[in-house]
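Topology and contacts: notes
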Amino acid sequence: QVQLVESGGGLVQPGGSLRLSCAVAGSIARIGAMGWYRQAPGKQRELVALITRGGSTTYADSVKGRFTISRDNAKNTTYLQMDSLKPEDTAVYYCNAIVVLTQYWGKGTLVTVSS
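Residues numbered from 1 in each chain as written. Predicted model: local features only at pLDDT ≥ 70, side-chain atom pairs only at ≥ 80, totals over all residues. Heavy atoms only, no water.

Considering the nonpolar core
In terms of nonpolar packing, the biggest core is built from 28 residues, with W36, V48, F67, L80, M82 and Y93 touching the most fellow members. When residues of this core are traced back to their parent elements, those giving at least two are β1 (2–7), β3 (18–26), β4 (31–39), β5 (46–51), β7 (67–72), β8 (77–82), β9 (91–99) and β11 (109–113). Among the elements that take part in this core, β9 stands out by supplying five residues, more than any other. Excluding its chain neighbours within four sequence positions, the residues that come into contact with Y93 are E6, L20, W36, Y37, R38, V48, F67, L80, M82, G108, T109 and V111. (Core = buried A, V, L, I, M, F, W, Y, C linked by side-chain atoms within 4.5 Å. Buried < 20%, exposed > 50% of the residue type's maximum accessible area, 1.4 Å probe, protein only. Helix = DSSP H or I, 4+ residues; strand = E, 2+ residues; numbered from the N terminus. Contact = heavy atoms within 4.5 Å.)

Considering the sheet that holds β1
Taken in spatial order, the four strands of this open sheet run β1-β3-β8-β7, and their pairing is antiparallel. Only two strands of the sheet have a single partner each, and these edge strands are β1 and β7. On average, each strand axis in the sheet is tilted by 15° relative to the strand beside it, whichever way the strands run. Across six bridges, the pairing between β1 and β3 is antiparallel. Paired with Q3 across the two strands is A25, which belongs to β3. (Pairing = 2+ DSSP bridges. Axes fitted to C-alpha atoms, helices over the stretch in contact; angles between N-to-C directions.)

A short note on the environment of L50
Relative to the helices and strands, L50 is located in strand β5. Sequence separation of L50 and N96 is 46 residues, and the distance between their C-alpha atoms is 8.9 Å. Apart from residues lying up to four places away in sequence, L50 is in contact with M34, G35, S56, T57, T58 and I69.

Considering the pattern of salt bridges
A pair can form between side chains of opposite charge whenever their charged atoms are brought close. This model, assessed by the stated rule, comprises four salt bridges. Linking D89 and R38 is a salt bridge whose minimum nitrogen-to-oxygen distance equals 3.0 Å. Highlighted residues: D89 in the loop between β8 and β9 and R38 in strand β4, separated in sequence by 51 residues. In this pair, the class of D89 matches that of R38, namely buried. The buried category is assigned to D89, whose relative accessible area is 1%. Linked through salt bridges whose partners overlap, the residues forming this network are R38, E46, R66 and D89. (Salt bridge = Lys/Arg side-chain N within 4 Å of Asp/Glu carboxyl O.)

As for the state of the cysteines
For the coordinates displayed, the defined rule picks out one disulfide. Paired through a disulfide, C22 and C95 show a sulfur-sulfur distance of 2.0 Å. Negative torsions about the S-S bond denote left-handed disulfides, and the value of about -85° found for C22 with C95 makes this one left-handed. Of this pair, C22 sits in strand β3 while C95 sits in strand β9, placing them 73 residues apart in sequence. (Disulfide = S-S within 2.5 Å.)

Focus: the side chain of E6
Mapped onto the secondary structure, E6 falls in strand β1. Of the side chains with opposite charge, R45 lies nearest to the buried E6, which makes no salt bridge, at 7.7 Å. Here C95 takes part through its backbone nitrogen, which lies 2.7 Å from a polar atom of the side chain of E6. Within polar-contact distance, the side chain of E6 engages the backbone nitrogen of K107 at 3.1 Å. With near-sequence residues (within four places) excluded, E6 lies in contact with S21, C22, W36, Y93, Y94, C95, G106, K107, G108 and T109. (Lys, Arg positive; Asp, Glu negative; His and termini not counted. Polar contact = N/O pair within 3.5 Å; in protein donor to acceptor, adjacent residues only side chain to side chain.)

Set out below in structure tokens:
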């Protein structure tokens, strides 16, 4: 059973920073791509950032230059460093990982950007 456990969400003021973490636990074979998605109230879930096992990254245009995704393959963990946060970044952030061609999701962590 593969589980993804996110942490690091919370309330932050505009212009502030947060770092999200996602650890993959369970019977883990080789982990492929890992990513972060978000879903704001009343909106569809959207891709924020993606990182391959080899370290290649993809970002949504709305977060380029502000967010950085990284991963530690030895710890089966991915991180999302979020800087210069804006109110429009407010959403539930979900971790995603592909393990043996199966996609897994975390339960989500809430990020609120507000003064």
